[in-house]
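Here is what each chain is made of, one letter per residue.
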Amino acid sequence: MDLLDLGWTYLFVENSETLDVSKLARISAIHRSHIEALSVNGELNLYLSGKYLSSGLNVIGVGDWCEVSPPFIDEQNKPSAIIVKLLPRYSKISRVVAGIKSDEQVMAANIHYAFIVTSVNKDFNMNRLHRYIVVAKEGGVQPVIILSKIDLNNDYSELVEKINKQFPNIDILPTSILSKIGIGKIREYFTRGVTGVFLGSSGVGKSSLVNELLETSFQLTKNIREDDDKGRHTTTSRQLFFIPSGGMIIDTPGLRELQIFGDVENVRSTFKDIENFSYKCKFKDCTHTVEPGCSVLKALKNGELEEEVYSSYNKLVKEVEYSNRKMDKKLAANQKRKWKNITKSMRVKKKLENK
């Protein structure tokens, strides 16, 4: 196995000619206790250096490339190394950490496709689909929608039409593990060095699809709950796998909460109906809420725009703006603390020099 098999490309790293490729590794799994990686010399256990310890595991994603220290044997009697430097990414999938914190959590990095898996049962949610697509666009990743378990819904073609109306430029792949429908279509996206990530809620069938692509049962699976068609967590950590026919796939745990942040324009471009109407708005910076001459509000009043779509759009815009404010405040506070420590160190140094 060489770096190209692992997905390496010089295109996303500045001054790459100065890199020592023998010290490169790609993170393949992140667990609570340790990090796993792959290199041209085989598997490694990785440990955080001092400058990354304070930031924790949220800043590191499966698929990240890093420079590592000379290898050593750790307490588990396995080849290991220290992460010296994380390399720049060309894409990522990230979210705001669930809970009261306002940190960014990188779930996957350096990926080409985000396969957003949603089942066709009664747990299907268009608003959730919008949310995942915004996350993909924000990270510079091409989204692909996978409709799983189509054998549970004879009218899934109507659902395909509904989704296609909302996302006309995104591929939609109906699939069934039982009938082996659509698996070959997914494989077509993968060639040597191509990396994809599977995203979706618990129980939508991500792990079953991963197992089908891998032609084995790496990931555990469970049935959904019969009372509400909602799934149960099976995948507990993010992990990168090699597909026998070529390429790599990252499986992620089902997400109960996906709080988004970033460029509001990525939200607007995800709602094609609203984007099309907005071109006729009187003001270029129209927020589509109270402005006179707003074509979006006019379309809503005339019934040309669905209330559900407009409500979902407003909810996501407000959430992104709120998340951005929180993260900006934290960044400002961290910068203030950093310069305060630098000033303090300079004063101490000056006192020592004057003695």
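A quick note: this is a predicted structure, and the numbers were derived from the prediction, not measured.

## Considerations on the overall build of the chain
And then number 1: When you go through the chain residue by residue, the secondary structure sums to nine helices and 14 strands.
And then number 2: In the chain, the proportion of contacts linking residues at least 24 apart, taken out of those at least 6 apart, comes to 66%.
And then number 3: By element, 51% of the accessible surface of the chain is carried by carbon and sulfur atoms, the whole surface being about 19,100 Å².

## With respect to unusual backbone geometry
And then number 1: Unusually for a residue other than glycine, Lys149 sits at a positive phi of about 60°.
And then number 2: Along the chain, the position of Lys149 falls in the loop between strand S10 (142-148) and helix H3 (156-166).
And then number 3: Assessed through its relative accessible area of 22%, Lys149 is described here as partly exposed.
And then number 4: One non-glycine residue, Lys180, lies in the positive phi region at around 60°.
And then number 5: Mapping Lys180 onto the fold places it in the loop between strand S11 (172-174) and helix H4 (183-187).

## Considering the environment of Gln76
And then number 1: Mapped onto the fold, Gln76 is located in the loop between strand S5 (72-73) and strand S6 (79-86).
And then number 2: By relative accessible area, Gln76 is classed as partly exposed at 41%.

## Describing the nonpolar core
And then number 1: Judged by nonpolar contacts, the single largest core of 75 residues is most densely connected at Trp8, Leu46, Ile83, Ile93, Leu129, Ile163 and Leu305.
And then number 2: The biggest single contributor to this core is helix H2 (residues 126-138), with seven residues.
And then number 3: Leave out the neighbours within four places in its chain, and Leu305 touches Asp273, Ile274, Phe277, Val296, Ala299, Leu300 and Tyr310.
And then number 4: Ile146, Val194, Leu213 and Ile243 belong to the second largest nonpolar core, which has 19 residues in total.

## A closer look at the environment of Lys206
And then number 1: If you trace the backbone, Lys206 turns up in helix H5 (residues 206-214).
And then number 2: As a C-alpha pair, Lys206 and Pro253 span 47 residues in sequence and 8.9 Å in three-dimensional space.
And then number 3: A polar contact of 3.4 Å, which involves the side chain of Lys206, links it to the backbone oxygen of Gly200.

## A look at the pairing of strand S13 (residues 238-242)
And then number 1: Where strand S1 (residues 24-30) meets S13, two bridges bridge the pair, whose relative direction is antiparallel. Counterpart to Ala29 in the pairing with S13 is Gln239.
And then number 2: The sheet contact formed by S13 and strand S14 (residues 248-251) spans four bridges and is antiparallel. Bridge pairing links Phe242 to Met248 in S14.
And then number 3: Where S13 folds back onto S14 in an antiparallel hairpin, the turn is made up of five residues, including Gly246, whose phi is positive at roughly 125°.

## Here's the deal with H5
And then number 1: Extensive coverage of H5 is indicated by the burial of eight of its nine residues.
And then number 2: Residues of H5 that are buried: Lys206, Ser207, Leu209, Val210, Asn211, Glu212, Leu213 and Leu214.
And then number 3: Where the residues of H5 are buried, they touch strand S9 (113-119), S10, H4, strand S12 (195-199), S13 and S14.
And then number 4: One or two positions beyond H5, positive phi appears at Glu215, with a value near 60°.

## Quick word on the packing of aromatic side chains
And then number 1: Within this structure, the stated rule accounts for eight aromatic pairs.
And then number 2: Note on Phe115 and Tyr189: the rings are 5.5 Å apart at their centroids and 90° apart in plane angle, and the pair reads as edge-to-face. Taken as a pair, Phe115 in strand S9 and Tyr189 in the loop between H4 and S12 lie far apart in primary sequence, 74 residues in all. By the burial criterion, Phe115 is buried, and Tyr189 matches it.
And then number 3: Judged by centre distance (5.5 Å) and plane angle (80°), the rings of Phe271 and Tyr313 are edge-to-face.

## Here's the deal with the pattern of salt bridges
And then number 1: Scanning the entire structure with this criterion turns up nine salt bridges.
And then number 2: For the salt bridge of Asp5 with Arg192, the shortest nitrogen-to-oxygen distance reads 2.9 Å. Here Asp5 is found in the segment before S1, whereas its partner Arg192 is found in the loop between H4 and S12, with 187 residues between them in sequence.
And then number 3: Classification of Asp5 by relative accessible area gives partly exposed; the value is 27%.
And then number 4: The salt bridge involving Glu265 is made with Arg268; its shortest N-O contact spans 2.7 Å.

How each quantity is defined
- Residues numbered from 1 in each chain as written.
- Predicted model: local features only at pLDDT ≥ 70, side-chain atom pairs only at ≥ 80, totals over all residues.
- Heavy atoms only, no water.
- Helix = DSSP H or I, 4+ residues; strand = E, 2+ residues; numbered from the N terminus.
- Contact = heavy atoms within 4.5 Å.
- Areas by Shrake-Rupley, 256 points an atom, 1.4 Å probe, with all protein chains shown as cover.
- Buried < 20%, exposed > 50% of the residue type's maximum accessible area, 1.4 Å probe, protein only.
- Core = buried A, V, L, I, M, F, W, Y, C linked by side-chain atoms within 4.5 Å.
- Polar contact = N/O pair within 3.5 Å; in protein donor to acceptor, adjacent residues only side chain to side chain.
- Pairing = 2+ DSSP bridges.
- Phe/Tyr/Trp six-rings, centres within 6.5 Å; stacked < 30°, edge-to-face > 60°.
- Salt bridge = Lys/Arg side-chain N within 4 Å of Asp/Glu carboxyl O.

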